Every structure is written in structure tokens, then in C-alpha cells.
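Summary of structural features
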Amino acid sequence: MKERSILHKMKISEKASMCSGKDFWYTEGIRRLNIPPLLMTDGPHGVRKQKGKSDHVGLNKSEPATCFPTLATLGCSWDRSLIYKVGEALGQECVKAGVSVLLGPGINIKRSPLCGRNFEYISEDPLLSGELAASYIQGVQSKGVGTSLKHFVANNQEKFRMTIDALVDDRALREIYLLGMEIAVKKGQPWTVMGAYNRLNGEYCCENEWLINQILRKEWQFQGLVVTDWGACNNRVLGLKAGLDLEMPSSKGVNDAKIVKSIKKKQLDPLFLDQTVERLLSLVDKAVINRRFDSGFDYHSHHQLAIQAAVESMVLLKNDHQLLPFSVSKKVGVIGYFSEYPRYQGAGSSLVNPTQQVNLLKALQSKNLQFEYAQGYTADGETWDDLVDEAIQLAQNTEQVILMVGLPESYESEGFDRSHLKLPESHNYLIEAITKVNPKTVVVLSCGAPVEMPWANKVNSILHSYLSGQGSGQALIDIIFGFENPSGKLAESYPVHLEDNPSYPYFLKDDHLAIYGESIFVGYRYYDTSGKKVLFPFGHGLNYTHFLYENLKVSYEPKHENNHINLSFYLTNTGSRSGKEVIQVYVRPKSSKAFRPDKELKAFDKIFLKPKETKMVTLVLERRHFAYFHPIIQDWYVESGSYDICIGSSSQKIHLVKTVTLKGDDEKARPYDVRDKASSYYHLETCNGKIKMEDFHCIYNHEIKEYAPRGSRPFTIESSLEDMKSTVIGKLVIRILKKELIKTANTKNEQDPTYKMMWHFVYESPMRVLAMTGGNRINVELIESIIDFSNREWVKGLKKLAHSFFARKK
């Protein structure tokens, strides 16, 4: 398809129509010009092609697809090749389903463990996130299917995610929140990038010209399409000028008309529209050229891959007295509702309808292993005395116990954040009771994010399965009984207490502003610098063998301005079992005038070794791996001085160290030194993670926008139902919608995760979002009438309500 030749044949109205979706999942096509619509659908850990009526929250069931482990789980594999294979499989299933673009991967940084959507994201570290995302993208797109890297950028909370203004200083933005996306874009070249709902430093991400055109397109050389998250379009004309190509879902023609009107009034240069349509046509062209009809796979092989991915991603956190692996000849007691009804994926728009699902009990039966089962607690995490008594009795009468605990669905989901890191009290109580009567108990955690473990010192073995997909039960048996050797490593730090997390003083503390006061000190960058004790460090994970690191050699030219540092060392499996080790390379500046973390991950690899086998491991570091982003010159900057290259098996377990000395970028500028103005960033160990606000304002060089208090008049299309909750019409609409959503979710429980997600979406979204995503029953006129009534403009509201009624009748 020749984009320019087709472009010249298009009417302005046709061009504008392509800038928003045809419906919820399809892009707009132009039949007379043979431009087909393209199907986009949710991922990222499975293909969620919905049957029948479409929605964004997983209400209507989707077609069966392989449910792979979530990205939080796959991140713990640290395995590029494995994730590439998962990507290939997802691409094949997209081909079979007629899907042109899979909406993933999501790589927002895990700034806070409270974020309800962390199970969809890879890591707290941008290098690990970016590298694994690039492998995912390459795998999917190798099958002629596009991906959508999301959410661009700083979409790190669910509360007020549609409107929150993320205040991020330049260094944190470049070194933490943009870096992973930069790596994924440059190495993976996704067909699309998805703009986030939120504002960044005062501007909506989907109409931020600096973000989209200057950074993404010019600096990173991104060649693809920028699409909104579903309902993220604020001002369509401003978005078009900023480089936003596609609004999803359909605007029902409203925003198309605004584009045409702006061009006719000479408020919008037609060139912006032509550039956007060229990129849209290029996507169509790419999808048509790469379209395949024979996907050449069977679901059984993908199920086996899902099991393998789960095995390589589960993390053995603790294994005192070598409790694991269990003996296959001894009966095992299995305790916990999750043994029969596992948590194996998250809730929300990523919900996959699995082709099959193997729980722990089925897996035990398939291996002919002897076991007895006790439920222990109910689906919602409650315990009853008879369930606990039955579980304790079972534990007393078996030699080894598998205790399945974790977070119920109602605790973590898209749409809302957690308020604490606690397991249900029933789970904590059960762990204490069972391990007291039988110390040969492995506690298996099923959850998508960190939890507090007040009992950690009292148990011998902890295995974290995260949310490990449809083959989770089989993968657990393979690891627990030693058929496989665990090799997962944590892709995030586990704090002892929620209050220990560096974002805690700022997270969800304001209705309008998300202040990223911790700056670059996210996750292990904070814990390792401040000396704050953690439960389990970043990169931690045990296995059933032992590895010896030795003889690190470093070669480089110290005075060369484009230093490439070649590393080599020997890794030996000294144990009696084959196994895989994740090699982690950190760089530590010996001294710096800029505030910097103690160390940062700069390279990694996963190495397989047979018993007693030795391999030479070689890795390369580039000059930028030693740089920080200099806010004054707006460029990456290497400070002259010495740096430790640290080879470890976690951020806190370093085996080998070599020091190198580099010539810096002195000719560019002086080092970034704000020691006298923002001292708390230099003394994390004494300020206990509480950065002074005046120090944050010193490094934050953007104007902070002022927002009216929530609930204040006049209400606008940007206001939410939460803003209008005290008005008469607001109370009425809220009451009606609650009843409708309870009915739609088919539940009577307001803690039901589907209902909670739907309610938070409806309650917290700007009214403009409800107008675009509310289906045929809700249109712009109806929404505007509600706003007018809330503003006490009764006549104006009645006119719009009448217009809305007759428009829907048509």
C-alpha cells in the first residue's frame, strides 16, 4: 500500500475518521479505498479477544487462549530467550484470532508495591524492564503481529490514574521512568506505543509534544504509531498537534468532527492530520503485508511453554535446612483454598480465558503423588474454626506440608491500589499455626506484588509463585519435588514494612499531584544506599545447587572517550544438580558530586551449567552505563573518577569486584552538584527516607500547576463523579450506577474485584471518558446535562437531556 498515493485520494472527513477507533477494539477502515480495519486486543500475558459485546474490564468472556505467567512473574525469570519464546507463542495465537496488534508489554516502573496493577509490570529496575520488554516485542512481532508498549509514561498508580499529575524531576524521569521504554523502543521497535492516562509535569501524556515528538520520535527514532490508552484522549486537536495518532476506543464521531472543524477554521494545520494518517496507513500496510493465515501451532505445546515459563520464574525465597525438594515417596499434606482454586493471573483488562488450568491437586494426581487436602480458609480469605482445626490435624499427621497462601483477587487489580501490604489475617494465622505443628512446611505465596511476612523467621521454606499462569500447579510440583531446579530471581525488592518503601511519604497522599519526592531512589537504589533493611533484596533467589564466581578480568582504554569495558569471569556449578544462575552486573561510583545510588544494575545474563561444569562468562559495559542525566545540559554525563564493577547474585550479594577509572565529560559541563541546596538526597541513611520538600523543589525545575479542590464548582467535562458526589444529581447518578454495576458484575459483594475495578473507573474518571466509553446508552449530551445540573444550570441541563434522549432514539 502506498501511503502517500492513498492519502491524496482521501477526503478530510475520511482522514479525521481514521484518527479514532471504529468501535471498542477495531481501528476505522475506509471501504472505498480498500483500507481495512485492524483488530487490537488486550494482552499482555494472553490474547483476550472478546466474544460478543466488547468491554474493557473483562466482563464478557473472551475466546480461549493460553494464559502465560503475568509479566511480574516473567520478570523474575531474567531470561530474554524465554520471554522471546512466550512472545512468539502470543504472536501465533494473535494470528489465529485475527488480531493485528496485541496491547502489551506493560513496563511501568514499580515505584510503590501498593500499585494495584503491578502484576502486569516487569520490575522496579528500568534496565531489566527494558531488556525483557524488547525480547517480548521481538517475539510477538516475529509472527507479523504488532505490539503496544505501555503506558507512556509515569502511570504508577491506579487511584486518580485518569487525571493525576505526576511530578517527576528530570533525572528520575530519564534515569528511571523513561529509560526502560527507551531500551524497549530502540531494541524492539514496537509497532505502537500507548500513551498513559495521567499528566506528566502538568501536561496530559497524550498531548505532550515534548514527550511524543521530541523524545519518542526524534531522540529515540521511534517509527511507529502512538495510540491512547482506552479513554485517555483529553483534547483531540492538541493531541494531534503533539503527535498522538490514534484515539481508542471510538469517539462516536465527536472528536473527528472537532479535527475537521479546526482545519476549516484554520486553527489546525492540515499537515498534522496528514502526518498522522500516513502513520496510520503505514500500520495498516504493515499488518496487511505481514498477515498470516496459518499460525502453525497447537495449544498443547503452548501449555507446556506456559509451564516452563512458570518454572523458570518462580522464586525460592528461603530454604533453611534444605527442606526442599520434598521426597516423592512420602505423603504430603496440601493446605489452602488456592491449592484447588489458584490465583494464577490478575484481574481487570488483562483477564484471559485459559485453554486449560492445572491446579496443585490435579498436578499431584498427574504425578501419582500421595497427598491429603484441607481447605484451610475460604475464597475471600476468611477462616472458620473447623477449617483451621482440619488443617492443623492434617499437618500433624503428614511428614511434609505444602501451604498455599497469598492475596485474594479483591486485594489487587487494575483500577484500584492496595492500602497495605498485609496478607489476609487468616493466612498469617494459618501459617503460624501450621508451621508450629509441622516445621517441614513450605509456604507458597500466590500474589502479584510484595507482601509483609511477619512470620518469615519462623518458617523454613518460602516459595514465591507470583501469578504463574494456567500451568501453575504443574510448575509448583516440578519445583517442590525437585523435578526442576528453581532459577527465578526477584525483579523487585521486598521491604520489611510498607513504611520502609521510599515512595511511602508521597504515594496517594494528594488528590491531584503525585509527587515523586524520592527521585532516582526507587527500590534497591534506595535500600542499598540508605542501608534500610529489606526482607528480600532485589535479584535474590535460591536454588538446589551452588555456584562459584572467580577470576574477574576487566579490559578497557581509560582515556578513550567511547569506553567499552569488556568483562570476563568464571562461573562453576559446584553442586550435584544442573541449574541456572542469573549473573547481575552492578556499577558503583566510588565518589560523585551528584547524588547517586550506591549501585545500579547495568548488565545481566542467565547461564545454564551441568554439575561441576565451568563456563567463562563475558559481558560488555558501554560508556553510558556509567553516566547520569545532567539536568542543566539535558544530556547524559560521565563524571571523571573511579567506579566499582560488581558481579553478584543479588543487589546485596556481591561476589567479585574490580575498579576502573574513567575520563569524564568535563568539556560538556561541571558535575551536577546540589549538595548545598538538596542535602537530604546525599544523606539517605540519616533522613530515614523522608526527603525535605524544599530539597525536592530544588531539583524539580517545572512549574507546579494549581488545581481546584475536588468537589468545587464549576464542574466541567474534566470533573469526575467523585467531584460531584455531594451534589443532588451526583448522589442520584452514583446510586443508579452502583445498582447497574452490581447487576452487570453479577454480584452482591462490593468487594468483588470486577465490580471494584468498574466502580473505580466510573467514579474517578473524567466525565469525558464516560461519554466516550459508555456505549449506546451514554452520549456527550447526557454527560453534559449531568454537569449542568450539578452546576445548578437547570434549563441548560434540561435542553441537553432532551437532546440526548432524542439522539439515542435515532
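Quick note: structure is the one above.
One numbering rule holds for all chains: residues counted from 1, following each sequence as written. A pLDDT threshold of at least 70 governs which residues receive local features in this predicted model, and a stricter bar of 80 or more applies before side-chain atom pairs are shown or counted, although totals over entire chains, interfaces and linings include all residues. As a rule here, side-chain values cover all heavy atoms of the structure and leave hydrogens and water aside.

Concerning the nonpolar core
Nonpolar cores are built from buried Ala, Val, Leu, Ile, Met, Phe, Trp, Tyr and Cys residues. Side-chain atoms within 4.5 Å join them into one set. Think of it in three bands: residues with accessible area under 20% of the maximum for their type are buried, residues over 50% are exposed, and the middle band is partly exposed, with areas taken using a 1.4 Å probe on protein chains only. The biggest cluster of nonpolar side chains holds 228 residues, and the ones touching the most others in it are Tyr-177, Trp-230, Ile-335, Ile-402, Leu-445, Met-453 and Ile-480. Among the elements that make up this core, the one with the highest residue count is helix α4 (residues 80-97) (eight residues). Working rule for contacts: check all heavy atoms of both residues, and any pair within 4.5 Å makes them a contact. Apart from the residues lying within four places of it in its own chain, the contact partners of Ile-480 are Leu-324, Pro-325, Phe-326, Ile-402, Val-442, Val-444, Leu-463 and Tyr-544. In this structure, Ile-565, Leu-571, Leu-621 and Ile-645 belong to the second largest nonpolar core, which totals 27 residues. Numbered from the N terminus, helices here are DSSP runs of H or I no shorter than four residues, and strands are runs of E no shorter than two.

Focus on the pairing of strand β3 (residues 146-152)
Burial analysis of β3 places seven of its seven residues in the buried class, the great majority of the element. Where strand β2 (residues 101-103) and β3 come together, two bridges link them in parallel fashion. Pairing of Val-101 across the sheet is with Gly-146, part of β3. Two strands qualify as a pair provided DSSP detects at least 2 bridges between them. The sheet contact formed by β3 and strand β5 (residues 192-195) spans three bridges and is parallel. Directly across from Leu-149, in β5, lies its bridge partner Val-193.

Here we look at the packing of α4 against helix α5 (residues 126-141)
For the pair α4 and α5, the least separation of the axes is 6 Å and the interaxial angle reads 35°. Of the two possible hands of crossing, α4 and α5 adopt the one that is right-handed. Together, Arg-80, Ile-83, Tyr-84, Gly-87, Glu-88, Leu-90 and Gly-91 of α4 and Glu-131, Leu-132, Ser-135, Tyr-136, Gln-138, Gly-139 and Val-140 of α5 make up the contact between the two elements. The residue classification treats Ala, Val, Leu, Ile, Met, Phe, Trp, Tyr, Cys and Pro as nonpolar and Asp, Glu, Lys and Arg as charged. All others, Gly included, are polar. Taken together, the residues that form the contact of α4 with α5 break down as six nonpolar, five polar and three charged. Simply put, an axis is a line fit to the C-alpha atoms, just over the touching stretch for a helix, and the angle between two N-to-C directions goes from 0 to 180 degrees. Here a crossing is called left-handed whenever its near helix is offset anticlockwise from the far helix by less than a right angle, and right-handed whenever the offset is clockwise.

A short note on the pattern of salt bridges
If charged atoms from side chains of opposite charge come close, those side chains can pair. Salt bridge, as used here: a side-chain nitrogen of Lys or Arg that lies within 4 Å of a carboxyl oxygen of Asp or Glu. Summed over the entire model, instances satisfying the criterion amount to 45 salt bridges. Here Lys-15 and Asp-274 are joined by a salt bridge, their closest N and O atoms 2.8 Å apart. In this pair, Lys-15 sits in helix α2 (residues 12-17) while Asp-274 sits in helix α11 (residues 270-290), placing the two residues 259 residues apart along the sequence. Here Glu-399 makes a salt bridge to Lys-330, at a shortest N to O gap of 3.6 Å. One end of the pair, Glu-399, is in the loop between α14 (385-396) and β12 (400-406); the other, Lys-330, is in the loop between β9 (315-319) and β10 (332-335), with 69 residues separating them in the sequence. Salt bridges sharing common partners tie together Arg-117, Glu-120, Lys-150, Glu-158, Arg-161 and Glu-414.

Observations regarding the packing of helix α20 (residues 728-744) against helix α21 (residues 753-764)
With their axes 10 Å apart at the nearest point, α20 and α21 run at an angle of 150° to one another. Considered as vectors, α20 and α21 are oriented roughly antiparallel to each other. Judged by the twist between their axes, the crossing of α20 over α21 is right-handed. Packed against α20, whose contacting residues are Ile-734, Leu-737, Lys-738, Leu-741, Ile-742 and Thr-744, the element α21 presents Tyr-755, Met-758, Trp-759, Val-762 and Tyr-763 at the interface. Angle categories: roughly parallel below 35 degrees, roughly antiparallel above 145, roughly perpendicular from 65 to 115, and oblique for all the rest.

Points about the sheet that holds strand β21 (residues 600-609)
Across the sheet, four strands lie side by side as β21-β20-β25-β26; this open sheet has antiparallel pairing. Each end of this open sheet is capped by a strand with a single partner; those strands are β21 and β26 (653-662). Each strand axis lies, on average, 20° off the axis of its neighbour in the sheet, ignoring direction. Here strand β20 (residues 579-589) runs beside β21; their pairing, made up of nine bridges, is antiparallel. Bridge pairing links Tyr-586 to Leu-601 in β21.

Some words on the sheet that holds β2
Spatially, the five strands line up as an open sheet ordered β1-β2-β3-β5-β8, and their pairing is parallel. What marks the edges here is a single partner per strand, and that holds for β1 (40-42) and β8 (225-228). Each strand of the sheet is rotated relative to its neighbour by a mean of 30°, with strand direction disregarded. Against the sheet, helix α8 (residues 209-219) engages β3, β5 and β8, with an angle of about 145° to β8. Set on the sheet, α11 makes contact with β1, β2, β5 and β8; between it and β8 the angle comes to about 100°.

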